[in-house]
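Residue-level listing of the chains:
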Amino acid sequence: MIRHFAREVRDISVETFDITVDTLTRFFREIGELGEAPDRTRQGIVAACSVVLATFLALLLEIQSPWWAAISAFMSLSATGGGSLRRGILRLTGTAAGALLGFVMARWLPYDHFAMYLFIGGVTMLGVIAMQISPHGLAWLFLCITSILVLLESLTNPLQAASVAYYRMFEVGIGVLSAIIVANLLQDWHREPAPTAPGWRHLLDTQWSVLLHGVRSAIAVCAVLAIWMALEVSQVLEMAITVAVVMAAPVAVTDGGVATRHAIAVRSLHRFLGCLLGGVVALLCLALDVESFAWWLAMIGAAVWVGMHIQIGPHGVGYVGTQAAFVFIVTLIQGEGPPTSIMPGVARFAGIVGGLAILMVVSLVLWPSDQELAEQKAAGKE
């Protein structure tokens, strides 16, 4: 048994190293192509302008979490003005439903942690499944994120749940509005084809792997939350957002309809490396101690442009760009203007990295190995 365990650890270590090298090679290939493709350059400029506008408006209106408005702008963008409008509406609709659900649940779940874990696991499972099978998956995704966010932010004081829900809606509205305005000024307007999705009918037969993915995702999220709370780490909020975004992403499947552990490892490492790269760059920017508001916004815009360039690139590391831009925004945008201290950024970065590391380990442990999948497939043919 010890020899088998050692062999498993060795194989996983070698696989992780190979995936990391391949990911970094593709990442730097994307960096080397900056500015070469006009379409990608324009999309990056649209993203940068949207995030900068959302940040400026959020600070002007003195909202609680300007970084959430900036992230909302980044995540509401599409390749066309019409597509961005559709994504923005879905995001706003899901956020409104999630804020209402989180507000209702925050009235009693903070006093019953077991029920709270059941709720968070259930809503995560719902969001993960819907993101993969529903044409309105983005709305379901942000229902999941917002309800968890409102609930966790109200844990210490449930009486502030209404205020938290209101500000989350306000922040998302600023981000969505900024994305729609910039996208329709700088992009062509035309409707994108309606998204194709398998729907909810076949969860218990042909879409069984999607249901299993939802169950594993719910277990992983609850495990991460439990570990974080046991360690009494203060950055539960950032960790919860990261977990929700990561686990709600579609999962790659094999021909047999079940994701392999290798596919999950690749996706998890892409997000983890994106988090590290974006966070390290953000901390370096914080170390510069920039006090100029214009230069601070320029740094945010430049990082978002690079993140969008990688996200829509052809080399298969799009999630690295997405996660890097996300973590850069969260780390660099802290309050009413350029940060005066690097320590809040370090704390946020550490919280997100820790959450992703735990999530990656839990996901790999819960996922069947390729050998187990082959045995299951062989048994199904008998």
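Engineer: So, the overall build of the protein chain: which residues are in play, and what are the values?
Structural biologist: For the protein chain, the count of helices and strands is 14 helices and 0 strands. Helices (α) and strands (β) of the protein chain occur, in sequence order from the N terminus, as α-α-α-α-α-α-α-α-α-α-α-α-α-α. Across the 382 residues that make up the protein chain, the buried fraction comes to 52%. Taking as baseline every contact in the protein chain between residues at least 6 positions apart, the subset at least 24 positions apart corresponds to 80%.

Engineer: Tell me about unusual backbone geometry, and please be specific about residues and values.
Structural biologist: Positive phi values are uncommon outside glycine, yet E62 reaches one of about 55 degrees. By the secondary structure assignment, E62 is in the loop between α2 (38-60) and α3 (66-75).

Engineer: Please give an account of the nonpolar core that cites residues and values.
Structural biologist: Counting 51 residues, the largest nonpolar core has V51, I71, F74, W296, I300, I329 and L332 as the members making the most contacts within it. For this core, the secondary structure elements donating two or more residues are α2, α3, α6 (137-153), α7 (161-186), α10 (261-287), α11 (293-311), α12 (318-332) and α13 (343-366).

Engineer: Help me get a handle on the packing of α11 against α12, residues and values and all.
Structural biologist: Orientation of α11 relative to α12, taken along the N-to-C sense of each, is 165 degrees, at an axis distance of 7 Å. As judged from the angle between their axes, α11 and α12 are roughly antiparallel. For the element pair α11 and α12, the recorded crossing hand is left-handed. Facing W296, M299, I300, A303, V304, G307, I310 and Q311 of α11, the residues of α12 in contact are G318, G321, T322, A325, F328, I329 and L332. Taken together, the residues that form the contact of α11 with α12 break down as 10 nonpolar, 5 polar and no charged.

Engineer: Describe the packing of aromatic side chains, naming the residues involved and giving the relevant values.
Structural biologist: Applying the stated criterion across every chain yields a total of 6 aromatic pairs. On the basis of an interplanar angle of 70 degrees and a centroid distance of 5.3 Å, the ring pair of Y166 and Y167 is categorised as edge-to-face. Given a relative accessible area of 24%, Y167 falls into the partly exposed group. Centre to centre, the rings of F293 and W296 are 5.7 Å apart; their planes meet at 45 degrees, and the pair counts as tilted. With a gap of 3 residues between them, F293 and W296 both fall in helix α11, about one helical turn apart. Overall, the relative accessible area of 1% leaves W296 in the buried class. Feature note: the residues F56, F293 and W296 constitute an aromatic cluster, connected by ring pairs.

Engineer: Talk me through the side chain of T55; I want residue IDs and the actual numbers.
Structural biologist: Residue position: T55 is located in helix α2. Residues in contact with T55, not counting those within four places in the same chain, are A70, W296, L297 and I333.

Engineer: Account for α12, with residues named and values stated.
Structural biologist: The periodicity of an α-helix, 3.6 residues per turn, causes residues three or four positions apart to be oriented the same way. Compared with an ideal rise of 1.5 Å per residue, which puts 15 residues at 21 Å, α12 spans 21 Å between its outermost C-alpha atoms and is within 8% of the ideal. α12 sits mainly inside the fold: 13 of its 15 residues count as buried.

Engineer: Help me get a handle on α3, residues and values and all.
Structural biologist: Taken across its 10 residues, α3 has 10 buried, putting it largely inside the fold. Among all positions of α3, only P66, W67, W68, A69, A70, I71, S72, A73, F74 and M75 are buried.

Engineer: How would you sum up the environment of M75? Please name residues and give values.
Structural biologist: Structurally, M75 can be placed in helix α3. When the C-alpha atoms of M75 and R87 are compared, they prove to be 8.3 Å apart, with 12 residues separating the residues in sequence.

Engineer: Describe the environment of A265, naming the residues involved and giving the relevant values.
Structural biologist: Among the secondary structure elements, A265 is positioned in helix α10. In the structure, A265 is positioned 249 residues away from T16 in sequence and 7.6 Å away in space, judged by C-alpha atoms.

Engineer: I'd like a description of the confidence of the model for the protein chain, backed by residues and values.
Structural biologist: In the predicted model, the protein chain carries a mean pLDDT of 78, and the fraction of residues at 70 or more is 76%. Per-element confidence in the protein chain ranges from a low mean pLDDT of 51 for helix α14 (residues 370-381) to a high of 91 for α11. Ignoring residues within four places in sequence, the model shows residues 248-258, a span with pLDDT below 50, making 24 contacts including any to other chains.

Parameters and conventions
Residues numbered from 1 in each chain as written. Predicted model: local features only at pLDDT ≥ 70, side-chain atom pairs only at ≥ 80, totals over all residues. Heavy atoms only, no water. Helix = DSSP H or I, 4+ residues; strand = E, 2+ residues; numbered from the N terminus. Buried < 20%, exposed > 50% of the residue type's maximum accessible area, 1.4 Å probe, protein only. Contact = heavy atoms within 4.5 Å. Core = buried A, V, L, I, M, F, W, Y, C linked by side-chain atoms within 4.5 Å. Axes fitted to C-alpha atoms, helices over the stretch in contact; angles between N-to-C directions. Parallel < 35°, antiparallel > 145°, perpendicular 65-115°, else oblique. Left-handed = near helix turned anticlockwise from the far one by under 90°. Nonpolar A, V, L, I, M, F, W, Y, C, P; charged D, E, K, R; others polar. Phe/Tyr/Trp six-rings, centres within 6.5 Å; stacked < 30°, edge-to-face > 60°. Expected span 1.5 Å × (residues − 1). pLDDT = per-residue confidence, 0-100.

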